[in-house]
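Residue-level structure breakdown
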Amino acid sequence: MRKHMSTPADYLELAHAENDTAVLHRLSRCPYPFVWQALAANPSTAPGTLLELSTAHDSAWNDNRLLRLLAEHPSADHAVLRAVRDAGAAKLAEGERPYAAVLALAGRTELAAAEVRQLGTLRGASARLRSQLDRHLELRI
């Protein structure tokens, strides 16, 4: 990492541009949710860092966006996707709406369809989410 990071924008720039996984991992410990999201969108971020980010909390909107980005990440392995699924399940049970993350998980064949379909049975799942979830799961190859 740079010797002196003076502003949050410096962290954000590094999170977008860096490809060294050790630097990206250190960045995951900064307190800025926009940096966590940039790391989750950076294709160089390693699965271990993605897994740590799955437990980060800020606000409902930021957390749900982070979960969607993690679910879509090309390096998200089974452990990361299970962590996103579990975090999404907890949010649905609390009445939050991590719908984009749930639908992104439906497109990931690393998780069994039944693991993802179960999210539609939770308290916060709307009828529309359930129908979109079924449609996404049917489109799996």
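See the structure printed just above.
Quick summary incoming for the structure in this document. (Residues numbered from 1 in each chain as written. Predicted model: local features only at pLDDT ≥ 70, side-chain atom pairs only at ≥ 80, totals over all residues. Heavy atoms only, no water.)

Overview of the packing of aromatic side chains
According to the stated counting rule, one finds two aromatic pairs in the structure shown. On the basis of an interplanar angle of 50 degrees and a centroid distance of 5.8 Å, the ring pair of Y11 and Y32 is categorised as tilted. Here the residue Y11 occupies a position in helix α1 (residues 8–17), and Y32 occupies one in the loop between α2 (21–27) and α3 (33–41), the gap between them amounting to 21 residues. Here the aromatic rings of Y32 and F34 are separated by 5.3 Å at their centres, their planes lie at 20 degrees, and the arrangement is stacked. (Phe/Tyr/Trp six-rings, centres within 6.5 Å; stacked < 30°, edge-to-face > 60°. Helix = DSSP H or I, 4+ residues; strand = E, 2+ residues; numbered from the N terminus.)

So, α3
Of all the nine residues making up α3, seven are buried; the element is thus mostly covered by neighbouring parts of the structure. Among all positions in α3, only P33, V35, W36, Q37, A38, L39 and A40 are buried. The secondary structure elements touched by the buried residues of α3 are α1, α2, α4 (47–53) and α5 (60–72). (Buried < 20%, exposed > 50% of the residue type's maximum accessible area, 1.4 Å probe, protein only. Contact = heavy atoms within 4.5 Å.)

Some details on the pattern of salt bridges
Between side chains of opposite charge, a pair can form as their charged atoms come close. A complete count under the given rule lists eight salt bridges for this structure. With a closest N to O distance of 3.4 Å, D63 and K91 form a salt bridge. One end of the pair, D63, is in helix α5; the other, K91, is in helix α6 (residues 78–93), and 28 residues separate them in sequence. Residue classification places K91 among the buried positions, given a relative accessible area of 7%. Between D134 and R117 there is a salt bridge; the shortest N-O distance is 3.5 Å. You can see D134 sitting in helix α9 (residues 127–138) and its partner R117 sitting in helix α8 (residues 113–117), a full 17 residues away along the chain. Judged by its relative accessible area of 38%, R117 is partly exposed. Salt bridges sharing common partners tie together D63, K91 and E96. (Salt bridge = Lys/Arg side-chain N within 4 Å of Asp/Glu carboxyl O.)

A look at the packing of α5 against helix α7 (residues 99–106)
In contact at an axis separation of 7 Å, α5 and α7 are set at 10 degrees when each is read in the N-to-C sense. When the axis of α5 is compared with that of α7, the two are roughly parallel. Residue-level contacts link N64, L67, R68, A71 and E72 of α5 to A100, A101, A104 and L105 of α7. For the contact of α5 with α7, the per-class residue count stands at six nonpolar, one polar and two charged. (Axes fitted to C-alpha atoms, helices over the stretch in contact; angles between N-to-C directions. Parallel < 35°, antiparallel > 145°, perpendicular 65-115°, else oblique. Nonpolar A, V, L, I, M, F, W, Y, C, P; charged D, E, K, R; others polar.)

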